[in-house]
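The chain contents come next:
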Amino acid sequence: MNIEQDMNYELSRLRKTAQRMDALFNIPRTNISVGLDNILGLVPVIGDIAALIPSLWMIKQAHRLGATPGTLAYMGLNTLVDFVIGSIPLIGDIFDVLYNANIRNYRALEINLNKKAARAKEVRTAGKDIGWDTPNLLGGLANQFKT
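Reading guide: rules and limits
- Residues numbered from 1 in each chain as written.
- Predicted model: local features only at pLDDT ≥ 70, side-chain atom pairs only at ≥ 80, totals over all residues.
- Heavy atoms only, no water.
- Helix = DSSP H or I, 4+ residues; strand = E, 2+ residues; numbered from the N terminus.
- Buried < 20%, exposed > 50% of the residue type's maximum accessible area, 1.4 Å probe, protein only.
- Contact = heavy atoms within 4.5 Å.
- Areas by Shrake-Rupley, 256 points an atom, 1.4 Å probe, with all protein chains shown as cover.
- Patch = residues over 30% accessible without salt bridge, like charges linked within 9 Å, V, L, I, M, F, W, Y side chains within 5 Å.
- Salt bridge = Lys/Arg side-chain N within 4 Å of Asp/Glu carboxyl O.
- Phe/Tyr/Trp six-rings, centres within 6.5 Å; stacked < 30°, edge-to-face > 60°.
- Core = buried A, V, L, I, M, F, W, Y, C linked by side-chain atoms within 4.5 Å.

Asker: When you look at the overall build of the protein in this model, what are you seeing that I'm missing?
Answerer: Helices and strands together make up the secondary structure of the protein, namely 7 helices and 2 strands. Relative to its 147 residues, the protein shows a buried fraction of 31%. Partitioning the intrachain contacts of the protein with sequence separation of at least 6 by distance along the chain shows that 58% fall at a separation of at least 24. Accessible area for the protein stands at about 10,300 Å²; split by element, carbon and sulfur atoms hold 65% of it.

Asker: Explanation requested: a nonpolar patch on the surface in the structure shown.
Answerer: Together, L24, F25, I27, I32, L36, I39, L40, L90, I94 and L98 give the surface a local cluster of nonpolar side chains, amounting to about 860 Å² of exposed area. Where the nonpolar patch is concerned, the elements lending two or more residues are α2 (36–40) and α5 (91–99). Sorting elements by how many residues they give to the nonpolar patch places α2 first, with 3 residues. Following the sequence through the fold, L36 ends up in helix α2.

Asker: So what exactly am I meant to see when it comes to the pattern of salt bridges here?
Answerer: Side-chain pairs of opposite charge can arise where the charged atoms are in close proximity. As enumerated under the stated definition, the model contains 2 salt bridges in all. Across the pair R13 and E10 runs a salt bridge, and its minimum N-O distance is 3.1 Å. Taken together, the positions of R13 and E10, both in helix α1 (residues 3–22) and 3 residues apart, correspond to about one turn of that helix. As a salt-bridge pair, R64 and E10 come within 4.0 Å of each other at their nearest N and O atoms. Taken together, the residues R64 in helix α3 (residues 46–65) and E10 in helix α1 connect sequence positions 54 residues apart. The exposure class of R64 is exposed, given its relative accessible area of 51%. A network of salt bridges, in which partner residues are shared, links E10, R13 and R64.

Asker: I would appreciate a short explanation of the packing of aromatic side chains in the present structure.
Answerer: By convention here, two paired aromatic rings are described through the distance between centres and the angle between planes. By the definition in use, this model includes 1 aromatic pair. Look at F95 and Y99: their rings are 4.8 Å apart centre to centre, the planes differ by 20°, and that puts the pair in the stacked class. Here the residue F95 and the residue Y99 both occupy positions in helix α5, the gap between them amounting to 4 residues, near one helical turn. Residue class for Y99 comes out buried when judged on its relative accessible area of 16%.

Asker: I'm lost on the nonpolar core in this one. Help?
Answerer: Most often, soluble globular proteins keep nonpolar side chains buried together rather than apart. In terms of nonpolar packing, the biggest core is built from 14 residues, with L11, L14, A62, L65, Y106 and L109 touching the most fellow members. Mapped onto this core, the elements with two or more residues apiece are α1, α3, α4 (69–86) and α6 (101–122).

Asker: Would you explain unusual backbone geometry in this entry?
Answerer: Negative phi is the rule for most residues except glycine; trans is the rule for most peptide bonds. Phi is positive for R29, close to 65°, though the residue is something other than glycine. The phi angle at L90 is positive, at roughly 65°, despite the residue not being glycine. With respect to the helices, strands and loops of the structure, L90 is situated in the loop between α4 and α5.

These figures come from the coordinates and say nothing about function on their own.
Printed below as a string of structure tokens:
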């Protein structure tokens, strides 16, 4: 398995986790999706903590995949907001359904990694003829000062 296949595999796992947590099914005749995060959030305290575990795992995997510190901070903030506000009875349950922190985090990671990959493609190695056939400036200066 090469790096690209491994990266695609990990991103696929993260995408599935985000979908399961935030968009397992849609409420008929609406654009509202419900996931395991929303269902677990109905159980006070324990459900919110249980829903936090996959979110933290996603952040850990994002770090492993090379997400930038800014993206990791954004993902952490999304998760924190989701956990804190989601812990409030009733209001938090409604917020959880509308906010979808895991999907936001996955999209942020995907955008970040795509930008990093685009920058990496721009990097070019120097041609073989650049600098190799010209004399070393320091060597030339050293020759001038020989007595």
